[in-house]
Amino acid sequence: MHTLSNLQQLEAEAIHIMREVAASFEMPCMFYSIGKDSTVMLYLAKKAFAPGRVPFTLLHIDTTWEFAEMAKFRDELVRENQLDLEVYINHDALAQGVHPVESGSVKYNDLMKTQALKHALKIHQFDAALGGARRDEEKSRAKERVFSVRDAHQVWDPKNQRPELWQLYNSQINPGESVRIFPLSNWTELDIWHYILKENIELVSMYFAKPRLTWISDDAGQPFILDDERMRSYLSETERNSIKYRSVRCRTLGCYPQTGAVLSTATRVQDIIAELLVSKSSEREGRMLDKDQVGSMEKKKMEGYF
């Protein structure tokens with residue numbers, strides 16, 4: 001009797017979930033953050049519906065502070081695969097001067113990420129949204145179902161979730177409600193990287209080590225990439241004096257003022273897997289988004305963040 005490998009089981013589960021979404025909802029979309037998880041999710045969607053096109057509109061919430069390499073990678077991927085892409089920016093917040101440093105991270109992340117996402121979903125009337133979040137990433141992620149219902153205000157109630165026995169997913173929603181779906185829920189960070197290696201999936205180059213201009217944060221004590229000159233004037237004297245080229249890569253991606261890098265020489269997927277096997281730090285340790293208030297991620301999710 002043939003037994004599926006762990007990766008084959010995870011792949012089959014994700015594809016099953018995506019096909020359920022396509023069959024059950026009228027206006028589904030797929031969050032695309034340009035990171036490794038959403039890129040794997042997109043790759044799985046291409047497999048799930050081949051030889052047809054991916055039936056989901058890609059939705060990217062652009063804060064205007066992503067790494068420059070990310071937008072370039074996104075646009076090339078969309079063009080090569082003939083994908084439908086919607087990019088949403090909260091221009092009202094930008095007009096009010098919202099800034100990742102001047103406004104404080106709580107206000108900035110709320111307006112440029114959470115509120116922007118809610119506005120985009122409402123404007124396009126998406127009734128379901130696929131996301132690349134995994135349960136092993138963060139404690140509040142581990143609480144969430146694969147099919148996660150949001151009320152008419154995009155609010156998530158962690159105490160009111162539907163059972164999901166035997167991979168049976170309830171797609172029924174009331175008027176105004178929507179569903180967030182996480183087909184990679186049961187994957188781990190290592191699963192993602194092993195799958196990337198197995199399938200030879202192309203990623204944005206920020207995940208691979210090379211000499212990059214960085215500074216060492218006074219608060220976090222870790223390197224941050226100086227992706228452009230907008231941040232230089234906000235650095236302390238100590239941070240400015242620390243600016244130099246270091247061999248670094250990103251373990252997770254977000255707005256560059258809030259995304260710490262890791263010192264690394266890993267230039268291939270095999271090297272990254274070897275690093276992770278001995279690493280004792282969390283994947284999201286460098287994400288300042290998760291640390292700007294007590295219970296930060298769960299609060300953001302309950303307010304409408306993905």
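About the criteria used
Residues numbered from 1 in each chain as written. Predicted model: local features only at pLDDT ≥ 70, side-chain atom pairs only at ≥ 80, totals over all residues. Heavy atoms only, no water. Helix = DSSP H or I, 4+ residues; strand = E, 2+ residues; numbered from the N terminus. Rg over C-alpha atoms; globule rule 2.2 N^0.38 Å. Buried < 20%, exposed > 50% of the residue type's maximum accessible area, 1.4 Å probe, protein only. Contact = heavy atoms within 4.5 Å. Areas by Shrake-Rupley, 256 points an atom, 1.4 Å probe, with all protein chains shown as cover. Lys, Arg positive; Asp, Glu negative; His and termini not counted. Charge placed at Lys NZ, Arg CZ, Asp CG, Glu CD. Pairing = 2+ DSSP bridges. Right-handed = clockwise from strand over helix to strand, strands pointing away. Polar contact = N/O pair within 3.5 Å; in protein donor to acceptor, adjacent residues only side chain to side chain.

Focus: the overall build of the protein
From N to C terminus, the protein includes 10 helices and 10 strands. Relative to the globule expectation of 19 Å for 306 residues, the C-alpha radius of gyration of the protein, 19 Å, shows essentially globular dimensions. Dimensions of the protein, computed from the C-alpha atoms along their principal axes, are close to 55 × 50 × 40 Å. Counting every position in the protein, which comprises 306 residues, the buried fraction comes to 52%. Long-range contacts, defined as pairs at least 24 residues apart, comprise 75% of the intrachain contacts of the protein with a sequence gap of at least 6. Element-wise, carbon and sulfur atoms account for 51% of the exposed surface of the protein, whose accessible area totals about 14600 Å². In the protein, the 40 positive side-chain charges and the 44 negative ones have mean positions that sit 2 Å from each other.

A closer look at the pairing of strand 3 (residues 85-88)
Across four bridges, the pairing between strand 2 (residues 57-61) and strand 3 is parallel. By the bridge assignment, L59 is partnered in strand 3 with E86. After leaving strand 2, the chain enters helix 3 (residues 68-81) and then returns to the sheet as strand 3, a path that is right-handed.

Focus: unusual backbone geometry
Between A50 and P51 the backbone carries a cis peptide bond, its omega angle lying at 5°. A positive phi angle is found at Q82, which is not glycine, with a value near 50°. With respect to the helices and strands, Q82 occurs in the loop between helix 3 and strand 3.

So, the environment of D151
By secondary structure assignment, the location of D151 is in the loop between strand 5 (147-150) and strand 6 (178-181). Taking the relative accessible area as the measure of exposure, D151 reaches 31% and is therefore partly exposed. Every residue in contact with D151, bar those within four places of it in the chain, is listed here: G176 and E177. Looking at D151, its side chain comes within polar contact range of the main-chain nitrogen of H153, at 2.7 Å.

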